[in-house]
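Tertiary structure, described
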Amino acid sequence: MNCRSEVLEVTVEARQVEEAMLALLHTILLHRSSGKFHYKKEGTYSIGTVGTLDIDCDFIDFTFVRVSSEELDRGIRRAVSEFKDALSISGSDGMGQISLEFYQKKKSRWPFSDECIPWEVWSIKVNVVNLANEQERQICREKVGEKLGEKVINVVEVINRHEYLPKMPTQSEVDNVFDTSLKDVQPYLYKITYQITDTLGTSVSTTMRRLIKDTLAL
Amino acid sequence: MDSGLSPQDKKDLDKFIKFFALKTVQVIVQARLGEKICTRSSSSPTGSDWFNLAIKDIPEVTHEAKKALAGQLPGIGRSMCVEISLKTSEGDSMELETWCLEMNEKCDKDIKVSYTVYNRLSVLLKSLLAITRVTPAYKLSRKQGHDYVILYRIYFGEVQLSGLGEGFQTVRVGVVGTPVGTITLSCAYRINLAFMSNRQFERSAPIMGIIVDHFVDPPCSSQRANMGHPCNYRAPDEEDGYAGVQDSQEVCTTSFSTSPPSQLYASRLSYHHPAQAGAAELCHPAANQGLHAGKEHGGVVLVPQPPHGADAHLTVEHAANTPGSSGGDDGLTHSGERRRDEGRSVSPSDPVESLNAFTRKIGAFVNKSNTPITAASLDLPFAAFAPRGLDSEENDPMVQPPDSPPCPSPLQASLHSQGSDGSGQQDDFVMVDFRPAFSKDDLLPMDLGTFYREFQNPPQLASLSLHISSQSMADDLDSLPEKLAVYEKNIDEFDAFVDMLQ
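Residues numbered from 1 in each chain as written. Chains lettered and ligands numbered in written order. Predicted model: local features only at pLDDT ≥ 70, side-chain atom pairs only at ≥ 80, totals over all residues. Heavy atoms only, no water.

You'll find chain B entered in an unreviewed UniProt entry as Autophagy-related protein 13, with Sander lucioperca given as the organism. Under the UniProt heading Sequence similarities (unreviewed entry), the entry covering chain B gives this text: "Belongs to the ATG13 family. Metazoan subfamily." (UniProt positions renumbered as here; feature names shortened; annotations may be inferred.)

Named according to an unreviewed UniProt entry, chain A is Autophagy-related protein 101 originating from Sander lucioperca. Of the comments in the UniProt record for chain A, the one headed Subcellular location (unreviewed entry) reads "Preautophagosomal structure".

Below, the structure written as structure tokens:
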């Protein structure tokens with residue numbers, strides 16, 4: 001199976017990075033989260049309910065919808081926060097990329113560890129700019145809001161192509177497809193990674209290291 | 001594979017489509033209420049959460065949607081549309097966007113109804129949640145309140161996009177293939193937000209806006225409860241400055257400033273005798289409510305009950321209709337009692353009369369006239385300056401047309417004030433001839449004229465007296481000189497601060 005890969009690109013001010021990433025990642029996860037499965041006998045299951053929440057951004061003229069799950073939000077925020085810190089360490093006009101990857105686990109026989117096979121990867125490229133004065137910042141607020149709106153429309157367009165989705169798993173397989181660790185919702189298994197591009201354009205290999213680690217993880 | 005749907009599948013599919021349509025409407029309307037939406041996730045499935053999404057059901061909205069659908073389902077050639085429009089406190093309205101749930105003939109016979117279609121409809125609803133926050137109308141709806149409200153209208157059948165202005169854009173939310181057709185959800189939204197009034201009688205530039213507070217208390221709070229009534233099913237070509245706020249108006253907002261237009265109209269109505277062309281159906285008792293000198297019609301006028309249906313429309317062009325017969329009149333009218341016959345012979349106890357008497361002024365540019373209004377001549381600006389043939393008073397809806405003109409008032413084409421006498425009752429109203437700049441010869445200018453009049457002889461405006469700010473303003477003004485002195489003393493500090501910022 002081929003992994004579907006989508007790239008989104010945004011240009012923001014440093015203080016907008018966090019909210020812009022949250023907006024896009026949550027929008028994607030909203031579509032890729034389901035209610036909790038409750039398996040019944042005979043292989044049937046029922047699905048819990050997903051609630052939603054409107055979040056207003058403080059630094060961007062934008063409101064996005066996220067899944068009503070604090071656990072999920074915490075997880076995303078943690079990753080975005082790390083990304084934001086890495087970006088700011090790298091310098092003021094940094095570039096970076098944060099990736100949200102949905103994968104399936106494939107059980108392998110001992111001694112090999114389970115494989116993680118991605119089926120959809122969303123990469124968000126971020127360019128950070130510095131603005132000189134308040135007026136530019138105000139314009140940036142609005143412009144970034146509009147851009148994020150366009151990105152949301154892009155995301156929705158891709159998702160509504162209804163391309164490959166993992167098959168609904170049986171009870172024994174559910175952990176290979178969904179993240180069942182949350183108590184109120186059940187997103188597809190996902191991981192968030194990032195990499196920072198320094199100003200010379202060469203990429204720091206944070207992600208590469210991580211990916212390699214995952215592949216070999218026991 | 002058998003291309004026909006099993007009966008169970010067909011039944012399920014119909015149910016899914018029906019509830020999808022209802023939930024779509026809920027999502028759209030709730031996204032335009034002006035509030036942030038928050039629902040909880042629940043790990044235990046409840047039977048009532050369609051598509052596994054926690055979307056509340058606002059009963060009025062469901063009711064309206066069901067009414068629009070009238071037992072049918074969206075199908076090929078039968079689209080369900082939700083039109084979102086904006087309506088200002090002056091009564092101007094503008095369509096902002098139209099959400100369309102359509103079906104085309106492209107069938108996906110192999111798809112599993114109970115599983116795949118259902119899940120895809122769920123994803124489509126999530127997409128709708130996301131996209132409703134992205135279109136320009138969202139920001140407008142979050143800021144609605146005093147100056148304008150956001151309204152919705154649901155209709156079924158052909159999609160109408162003509163009200164969206166030129167160059168409207170379309171965003172497709174998504175599609176879901178089913179064995180009977182492909183469901184498409186999209187939104188066409190206006191990008192040209194320059195305000196355009198579509199009031200019938202306004203044929204040129206919009207009247208300059210007048211803040212309602214000039215006349216009455218802020219309407220929002222008092223009106224809050226009234227809005228959210230059944231939908232207003234305007235026919236596509238129906239224009240109304242006002243019908244919207246009538247009985248059948250469904251406003252997707254919890255805050256409410258309905259009354260402004262009605263109040264204004266009501267105040268105008270106070271100036272023109274209900275006798276006016278008859279359709280107004282004003283009656284005394286009703287007038288009592290609305291026509292207080294303090295102009296505190298507040299919400300009274302705008303209870304969205306259009307007792308008399310059609311006439312409540314602002315259709316100035318019907319000479320017979322009262323120009324000011326806005327929703328406000330609803331409050332003013334109780335029955336179809338025609339006062340026309342009473343014409344000028346209103347009793348002094350008539351509240352309208354007393355109001356008139358109270359506010360009547362002889363001012364500059366007053367012309368007298370007892371001639372009936374003709375709506376046709378309404379939109380000539382500066383008609384007062386026109387040659388007599390115009391009959392400026394004809395244009396003045398405020399002037400009452402006595403039934404039989406026992407006191408013919410000489411018409412003046414000049415600017416000079418006339419003693420208006422009166423047929424004893426309605427005198428000329430200053431506003432009309434006063435003709436403030438840029439105002440037009442129709443109802444609305446009355447607002448400005450009324451304002452001028454009030455300014456000249458201001459009654460204690462309730463809104464002002466209630467505002468503590470007016471008192472504190474006086475205090476502020478008094479303390480200004482001291483403050484200025486202090487600031488001047490510290491001028492160096494300020495300069496240093498400014499330098500620091502740069």
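1. Notes on the interface of chain B and chain A
With 35 residues of chain B at the contact, the number on the chain A side is 34 residues. Between chain B and chain A lies a buried interface of about 2,900 Å² when both sides are counted; carbon and sulfur atoms form 56% of it. It is Ser41(B), Asn52(B) and Lys126(B) that lose the most area in chain B upon contact with chain A, and together they represent 19% of the buried surface on that side. At the surface where chain B touches chain A, the tally comes to three salt bridges. (Contact = heavy atoms within 4.5 Å. Buried area = accessible area lost by both parts, 1.4 Å probe. Salt bridge = Lys/Arg side-chain N within 4 Å of Asp/Glu carboxyl O.)

2. Considering the packing of aromatic side chains
Residue and element names in this part refer to chain A. Applying the stated rule across the entire model yields 17 aromatic pairs over all chains. Ring plane angle 75° and centroid distance 5.1 Å describe the contact between tryptophan 119 and tyrosine 188, whose orientation is recorded as edge-to-face. In this pair, tryptophan 119 is assigned in strand 8 (residues 115-129) and tyrosine 188 in the loop between strand 9 (185-187) and strand 10 (190-197), connecting sequence segments 69 residues apart. For the pair shown, tryptophan 119 and tyrosine 188 are each scored as buried. Ring pairing ties together the aromatic residues Phe37, Tyr39, Tyr45, Phe102, Trp119, Tyr164, Phe178 and Tyr188, which thus form one cluster. It is lysine 191 that lies over the ring of tyrosine 103; its NZ or CZ is 4.5 Å from the centre. (Phe/Tyr/Trp six-rings, centres within 6.5 Å; stacked < 30°, edge-to-face > 60°. Helix = DSSP H or I, 4+ residues; strand = E, 2+ residues; numbered from the N terminus. Buried < 20%, exposed > 50% of the residue type's maximum accessible area, 1.4 Å probe, protein only. Lys NZ or Arg CZ within 6 Å of the ring centre and 35° of its normal.)

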